[in-house]
Amino acid sequence: MTREEKSQVIQDLTAVLADTNTLYLADISGLDAQTTSNLRRACFKAGVQLSVVKNTLLAKAMEASDKEFGDLPSVLKGNTSMMISEAANAPAKLIKEFRKKTKDRPILKGAFAEESVYIGDDQLDALVDIKSREELIGEIIGLLQSPAKNVISALQSGGQTLSGIIKTLSEK
């Protein structure tokens, strides 16, 4: 690979890093061709982009990026695959589900999700539990609706008269 080609790859990786808020680094070495194909198929179905990267080029792209990756470049050793997704927990769920068939692969090296850095395979469960913005908003709306529904039902049970409404509110 020429110097110009390496420079272009670094620029491309830097652009990819700028466009994503979720980056997982995994080790998929040791998987046979069929298992690797199954992993790629599962990634495609889950909306996760999987690509093998060269560690030195990804490290340089991380340095050139505006984002703070913390200690994540320290895990760039050996075979590294990059998993990118819109949902912060999608790659973690995929890895966990895939391990049910393959026992120990892929191995999570590290992740950058929701502006936080996770290092090591032991962080997989924490990453699975991350909720998306939509899930959090849904929970907040559900929590806010419950008291409002209680007040509305109490008001309706108190009758349509002003004295009934005042009586119901004073009881609450």
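- Within an unreviewed UniProt entry, the label attached to the protein reads Large ribosomal subunit protein uL10, and the organism entered is Polaribacter butkevichii.
- The record held by UniProt for the protein lists under Sequence similarities (unreviewed entry) the comment "Belongs to the universal ribosomal protein uL10 family."
- Taken verbatim from the UniProt record of the protein, the Function (unreviewed entry) comment is "Forms part of the ribosomal stalk, playing a central role in the interaction of the ribosome with GTP-bound translation factors."

**Section: the confidence of the model for the protein**
Phase 1: Summary statistics for the protein give a mean pLDDT of 84 and a share of 85% for residues scoring 70 or more.
Phase 2: Within the protein, strand S3 (residues 80-84) carries the highest mean pLDDT (93), whereas helix H7 (residues 162-171) carries the lowest (65).

**Comments concerning the packing of helix H2 (residues 33-46) against helix H4 (residues 90-102)**
Phase 1: Remark: H2 packs on H4, axes separated minimally by 11 Å, with the N-to-C direction vectors making an angle of 150°. Between H2 and H4, the angle is such that the two are roughly antiparallel. Crossing handedness for the pair H2 and H4: right-handed. Across from Thr35, Asn38, Leu39, Ala42, Cys43 and Ala46 in H2, the residues of H4 making contact are Leu94, Phe98 and Thr102.

**Examining the pattern of salt bridges**
Phase 1: Using the criterion set out here, one finds three salt bridges in the structure.
Phase 2: Between Lys100 and Glu97 there is a salt bridge, with the nearest N and O atoms lying 3.2 Å from each other. In this pair, Lys100 and Glu97 both sit in helix H4, three residues apart, roughly one turn of the helix.
Phase 3: Looking at Lys100, the relative accessible area reads 62%, which means it is exposed.

**Notes on the nonpolar core**
Phase 1: The biggest cluster of nonpolar side chains holds 23 residues, and the ones touching the most others in it are Tyr24, Leu39, Cys43, Met83 and Leu127.
Phase 2: Counting residues per element, the ones that place at least two in this core are strand S1 (22-27), H2, H4, strand S4 (107-113) and helix H5 (124-128).
Phase 3: With five residues, H4 is the largest single contributor of residues to this core.
Phase 4: Not counting residues within four places of it along the chain, the set of residues in contact with Leu127 comprises Tyr24, Asn89, Ala92, Leu108, Ala111, Ala113 and Tyr118.
Phase 5: Residues Ala59, Met62, Phe69 and Phe112 belong to the second largest nonpolar core, which totals 18 residues.

**Structural notes on helix H3 (residues 55-64)**
Phase 1: Buried within H3 are the following residues: Asn55, Leu57, Leu58, Ala59, Ala61 and Met62.
Phase 2: Looking at the buried residues of H3, the elements they touch are helix H1 (3-19), S1, strand S2 (49-53) and S3.

Rules behind the numbers
- Residues numbered from 1 in each chain as written.
- Predicted model: local features only at pLDDT ≥ 70, side-chain atom pairs only at ≥ 80, totals over all residues.
- Heavy atoms only, no water.
- UniProt positions renumbered as here; feature names shortened; annotations may be inferred.
- pLDDT = per-residue confidence, 0-100.
- Helix = DSSP H or I, 4+ residues; strand = E, 2+ residues; numbered from the N terminus.
- Axes fitted to C-alpha atoms, helices over the stretch in contact; angles between N-to-C directions.
- Parallel < 35°, antiparallel > 145°, perpendicular 65-115°, else oblique.
- Left-handed = near helix turned anticlockwise from the far one by under 90°.
- Contact = heavy atoms within 4.5 Å.
- Salt bridge = Lys/Arg side-chain N within 4 Å of Asp/Glu carboxyl O.
- Buried < 20%, exposed > 50% of the residue type's maximum accessible area, 1.4 Å probe, protein only.
- Core = buried A, V, L, I, M, F, W, Y, C linked by side-chain atoms within 4.5 Å.

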